[in-house]
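Reading the structure
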Amino acid sequence: MSDLQSLPEHVTDEENIARVIFSPSMVEDSEVSPSAFQLRNLKKPEDYISVFRNDYVELSVENISKILSAPSGNTIYGYAVLNAGVCRKVSYKEIATEVLPHSTQKNPYHAGIHFSKAGSDIRGRCTDPDFIIVTRMLANNSILTQL
């Protein structure tokens, strides 16, 4: 892990972010599946996709396992790297994205990809065809690293 004092308060466009990828649910033909960028309906519906601020942390199975556990029936496959500026430019019709920091004591390198439609936040599972196109665009702009 890097020196926390060098961690900027805001996620810049130049920064890279990394989405942890679980297999088989987020892998499709050895590529990042759009499902890696889907929001889920949990007890409190998700309002962002969790990512690591990749420029400030070295991801490994050990580091990831300290913070996350794989969903039932899945294992940690690796991570998908995406540039934050590219992520912010991914949009389709009224669906837009934003990357914001979500630092916690357990994970100071935590950030999130937020989605909105016509200025309103998207929360939980979204089946809007335009949202599904955005998740595919995010997956297509990601570089998969297997651990």
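Residues numbered from 1 in each chain as written. Predicted model: local features only at pLDDT ≥ 70, side-chain atom pairs only at ≥ 80, totals over all residues. Heavy atoms only, no water.

1. Considerations on unusual backbone geometry
Cis peptide bonds are those with omega within 30 degrees of zero, and the linkage from Ser 23 to Pro 24 qualifies with 10 degrees. Mapped onto the secondary structure, Pro 24 falls in the loop between strand 1 (16-23) and strand 2 (27-28). Its identity is not glycine, yet Ser 30 carries a phi of approximately 60 degrees, on the positive side. Looking at the element boundaries, Ser 30 is found in the loop between strand 2 and strand 3 (31-32). Of note in the backbone geometry, Ala 118 takes a positive phi value of approximately 50 degrees without being a glycine. (Helix = DSSP H or I, 4+ residues; strand = E, 2+ residues; numbered from the N terminus.)

2. With respect to the pattern of salt bridges
Enumeration over the complete set of coordinates arrives at seven salt bridges. Among the ionic pairs, Asp 47 bridges to Arg 123, the shortest N-O distance being 2.9 Å. Pair noted here: Asp 47 is in the loop between strand 3 and strand 4 (49-53) and Arg 123 is in the loop between strand 8 (120-121) and helix 3 (129-140), with a separation of 76 residues, a long-range link. Between Lys 117 and Asp 128 there is a salt bridge, with the nearest N and O atoms lying 2.5 Å from each other. Of the two residues, Lys 117 is situated in strand 7 (residues 110-117) and Asp 128 in the loop between strand 8 and helix 3; the sequence distance between them amounts to 11 residues. Of the residues examined, Asp 128 reaches a relative accessible area of 16% and is grouped as buried. Shared partners join several salt bridges into a network, and the residues in it are Asp 13, Arg 88 and Glu 98. (Salt bridge = Lys/Arg side-chain N within 4 Å of Asp/Glu carboxyl O. Buried < 20%, exposed > 50% of the residue type's maximum accessible area, 1.4 Å probe, protein only.)

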